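Each chain, letter by letter, is given below.
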Amino acid sequence: MQEIIIVGSGFFSSILARKIAEELGEKVLIVEKRSHIAGNMYDEYDKHGILVQKYGLYFLNTNKFYIIDLLLKYAELFPHCTKLLSFLDGKYVRLPFNFQTVQQLVGAKKSETLLEKLCNSFIGRDRVPVLELVEHTDTDISKYGELVV
């Protein structure tokens, strides 16, 4: 009899163990040093009854629905909107970079021209790699790219 041993019970290990057991019909032993499953993504209720992330903040950010679909088979997910800030050039700015970030970094007045150039240069695109901005032939766009690198 063959037995597969998986060390750790985080997201990946737990799903892998279950898929091996269900799809291949193999016995799987999960070895975990902690007294709970879920690795660093473990939640527990504090003394006030509030669900907290025991090992610090975590979130899953993906635009690949097949990943969400897979995780929903094995876990309950709580959708939320995350607004991240980055400290750049002495200011906190919104991430991912967007029109508001342009305004925050170059100022509202200067951003009008730059935003127009960006929209005209990248028609129909909702994402542009930063290095593409840096290498752009328009000096205003390339300077902005250098600012955010």
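Heads up: the structure comes first, above all this text.
Below: a short report on this structure. Remember, it's a predicted structure, so these values are computed and weren't measured experimentally.

### Some details on the layout of surface pockets
Piece 1. Put simply, the largest pocket is a space of about 1,200 Å³.
Piece 2. As for the largest pocket, its lining consists of 37 residues, of which Phe 11, Met 41, Tyr 58, Leu 77 and Phe 78 are closest to the centre.
Piece 3. If one sorts the elements of the lining of the largest pocket by residue count, helix α1 (residues 11-24) sits on top with five residues.
Piece 4. Each pocket or cavity is described by its volume, and for the second largest pocket that value is around 610 Å³.
Piece 5. Lining the second largest pocket are 20 residues, and of these Phe 97, Asn 98, Asp 126, Arg 127 and Val 128 sit closest to its centre.

### Details of helix α6 (residues 139-148)
Piece 1. For α6, the complete set of buried residues consists of Ile 141, Ser 142, Tyr 144, Gly 145 and Val 148. Taken end-on, α6 shows its buried residues confined to a sector of 160 degrees, consistent with a single buried face. For α6, the exposed residues set more than 90 degrees away from the buried face come down to Thr 139, Lys 143 and Glu 146.

Criteria and cut-off values
Along each chain, numbering runs from 1 in the same order as the chain's sequence is written. Local features in this predicted model are restricted to residues of pLDDT 70 or higher, and side-chain atom pairs are both shown and tallied only at a pLDDT of 80 or more, whereas totals for entire chains, interfaces and linings draw on every residue. By convention in this description, side-chain values take in all heavy atoms of the structure and omit both hydrogens and water. Both site types are read off a 1 Å grid over the protein atoms alone. A 1.4 Å probe that fits but cannot get out defines a cavity, while an open set with protein on both sides within 12 Å along at least five of seven lines defines a pocket; lining residues have an atom within 4 Å of a point. Grid points are joined across faces, edges and corners, and a volume is the space filled by probe spheres set on the points. Numbering of helices and strands starts at the N terminus; helices are DSSP runs of H or I of at least 4 residues and strands are runs of E of at least 2. Note on classification: 1.4 Å probe, protein chains only; a residue is buried when its accessible area is under 20% of the maximum for its type, exposed when over 50%, partly exposed between these limits. Starting at the helix axis, one direction is taken to each C-beta atom, and the arc is that of these directions.

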